[in-house]
Amino acid sequence: MRQAGIYSGVVSGGRSGPHLLPLARIKKIMKKSGDDVKMVSGEAPIVFSKACELFIEELTQRSWTVAMQRKKKTLHKEDVASAVLATDILDFLVNLVSDSNNPLDLAPVERETLVS
């Protein structure tokens, strides 16, 4: 059961200006996700936008940790791939980062070294 007002900061009381991610694009992706999804309320893309922002921040932090371990100052796709491979919760992205046609030369990063 959700608590009253738990989403109020995101939906109404939060940022009133433009969102970091385009809400129209999020709504379009939501509608294309399946034949069953026909209608999407105006508030749903706002929540998805915030969720996407948090996901991007988390993946970036984990990738940056990998880059720092390799003594790099620039984040590369190899760092993102290593972060995905080293994090159990990101297993749904493994196929995306491990392209069999273009295998990445990834130095092993232990799962325990990335802070959750």
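This write-up is about the structure you can find in this document.

About the criteria used
- Residues numbered from 1 in each chain as written.
- Predicted model: local features only at pLDDT ≥ 70, side-chain atom pairs only at ≥ 80, totals over all residues.
- Heavy atoms only, no water.
- Phe/Tyr/Trp six-rings, centres within 6.5 Å; stacked < 30°, edge-to-face > 60°.
- Helix = DSSP H or I, 4+ residues; strand = E, 2+ residues; numbered from the N terminus.
- Buried < 20%, exposed > 50% of the residue type's maximum accessible area, 1.4 Å probe, protein only.
- Axes fitted to C-alpha atoms, helices over the stretch in contact; angles between N-to-C directions.
- Parallel < 35°, antiparallel > 145°, perpendicular 65-115°, else oblique.
- Contact = heavy atoms within 4.5 Å.
- Nonpolar A, V, L, I, M, F, W, Y, C, P; charged D, E, K, R; others polar.
- Salt bridge = Lys/Arg side-chain N within 4 Å of Asp/Glu carboxyl O.

Before going further, it helps to spend a moment on the packing of aromatic side chains. Applying the stated criterion to the full structure yields one aromatic pair. Centroid distance F55 to F92: 6.3 Å. Interplanar angle 40°. Geometry classified as tilted. One end of the pair, F55, is in helix α3 (residues 44–69); the other, F92, is in the loop between α4 (77–86) and α5 (94–97), and 37 residues separate them in sequence. Residue F55 is classed as partly exposed on the basis of its relative accessible area, which comes to 32%.

Below, the discussion takes up the packing of helix α2 (residues 23–32) against α3. Closest axis-to-axis distance for the α2/α3 pair is 9 Å, and the angle between their directions is 100°. Relative to α3, the element α2 lies roughly perpendicular. Together, L23, I26, K27 and M30 of α2 and A44, P45, I46, F48 and S49 of α3 make up the contact between the two elements. Counted by class, the contact of α2 with α3 contains seven nonpolar, one polar and one charged residues.

Under the criterion given, the structure shown has three salt bridges. For R70, the salt bridge is made with D79, and the minimal N-O distance between the two is 3.1 Å. Take R70: its relative accessible area is 22%, and that puts it in the partly exposed class. Taking relative accessible area as the criterion, D79 reaches 2% and is therefore assigned buried.

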